[in-house]
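Structure assessment
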Amino acid sequence: MKFDITHEGRTTLSVNRDGAEALGYPEAVIAAAEASVRTSAIKAECRRRIYATASAETQMNMATAAAFVSSKTASARSEHEKTVLTGIEASLAWVADMRGNVDILAADAELDFQFDANWPECPDAALAVVGMF
């Protein structure tokens, strides 16, 4: 893995662990640089998974629907509208779980962040409302 590393006013760009060690960078600084690259990759994977489930357009449509349905009093909402709100709530909770999972995956370099089982599963209620938009 290549990374940029800075320590005590010195910066080296696009270096790997062996190169950073040969240049005399301390282990803690190298580990922090590697962790930063890993965290960025995990965040990108999280984003990819969220958008693979619900595109930006789908998310905008869901937000518009939520705003419209929420403008009604609870007693004026149809069963369909209640289902939409329930699905949107589930999708927002799932996105929060996905984002929270970034820290868990970043903390353990042994976990494969590309392995599906290491990510929260999208709830059926969320998938149902995504399918509507």
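Here goes a summary of the coordinates provided. (Residues numbered from 1 in each chain as written. Predicted model: local features only at pLDDT ≥ 70, side-chain atom pairs only at ≥ 80, totals over all residues. Heavy atoms only, no water.)

A closer look at the overall build of the protein chain
Broken down by element type, the protein chain carries 5 helices and 2 strands. Mapped from its N terminus to its C terminus, the protein chain presents α and β elements in the order β-β-α-α-α-α-α. Expected size for 133 residues packed as a compact globule is a radius of gyration near 14 Å; at 21 Å, the protein chain overshoots this value by more than 25%. Referenced to the eigenvectors of the C-alpha coordinate spread, the extents of the protein chain come out at roughly 70 × 30 × 20 Å. The 133 residues of the protein chain split such that 31% are buried. Long-range pairs, those at least 24 residues apart, make up 52% of the contacts in the protein chain with a sequence separation of at least 6. Averaged over its 12 positive side-chain charges, the protein chain has a centre that lies 6 Å from the centre of its 19 negative ones. (Helix = DSSP H or I, 4+ residues; strand = E, 2+ residues; numbered from the N terminus. Rg over C-alpha atoms; globule rule 2.2 N^0.38 Å. Buried < 20%, exposed > 50% of the residue type's maximum accessible area, 1.4 Å probe, protein only. Contact = heavy atoms within 4.5 Å. Lys, Arg positive; Asp, Glu negative; His and termini not counted. Charge placed at Lys NZ, Arg CZ, Asp CG, Glu CD.)

So, the packing of helix 3 (residues 56-70) against helix 4 (residues 79-107)
Orientation of helix 3 relative to helix 4, taken along the N-to-C sense of each, is 130°, at an axis distance of 10 Å. As the angle between them shows, helix 3 and helix 4 are arranged oblique. The hand of the helix 3/helix 4 crossing is left-handed. Touching Met62, Ala65, Ala66, Phe68, Val69 and Ser70 of helix 3 are Glu81, Val84, Leu85, Ile88 and Ser91, all from helix 4. Tallied by class, residues from the contact of helix 3 with helix 4 come to 8 nonpolar, 2 polar and 1 charged. (Axes fitted to C-alpha atoms, helices over the stretch in contact; angles between N-to-C directions. Parallel < 35°, antiparallel > 145°, perpendicular 65-115°, else oblique. Left-handed = near helix turned anticlockwise from the far one by under 90°. Nonpolar A, V, L, I, M, F, W, Y, C, P; charged D, E, K, R; others polar.)

Things to note about the pattern of salt bridges
Scanning the entire structure with this criterion turns up 8 salt bridges. Among the ionic pairs, Glu34 bridges to Arg17, the shortest N-O distance being 2.7 Å. Taken as a pair, Glu34 in helix 2 (residues 27-53) and Arg17 in helix 1 (residues 17-22) lie far apart in primary sequence, 17 residues in all. On the accessibility criterion, Arg17 (24% relative accessible area) is partly exposed. Of the charged contacts in the structure, one is a salt bridge between Arg49 and Asp116, with a shortest N-O distance of 3.0 Å. Taken as a pair, Arg49 in helix 2 and Asp116 in the loop between helix 4 and helix 5 (124-132) lie far apart in primary sequence, 67 residues in all. Given the relative accessible area of 13%, Arg49 is considered buried. The network of salt bridges with shared partners includes Arg17, Glu21, Glu27 and Glu34. (Salt bridge = Lys/Arg side-chain N within 4 Å of Asp/Glu carboxyl O.)

Some remarks on the nonpolar core
The biggest cluster of nonpolar side chains holds 13 residues, and the ones touching the most others in it are Ile42, Cys46, Ile50, Trp94, Met98 and Trp119. For this core, the elements supplying multiple residues, two or more each, are helix 2 and helix 4. Examining the composition of this core, we find that 6 residues originate from one element, helix 4, more than from any other. In this structure, Met98 is in contact with Cys46, Arg49, Ile50, Trp119 and Pro120, ignoring residues within four places of it in sequence. (Core = buried A, V, L, I, M, F, W, Y, C linked by side-chain atoms within 4.5 Å.)

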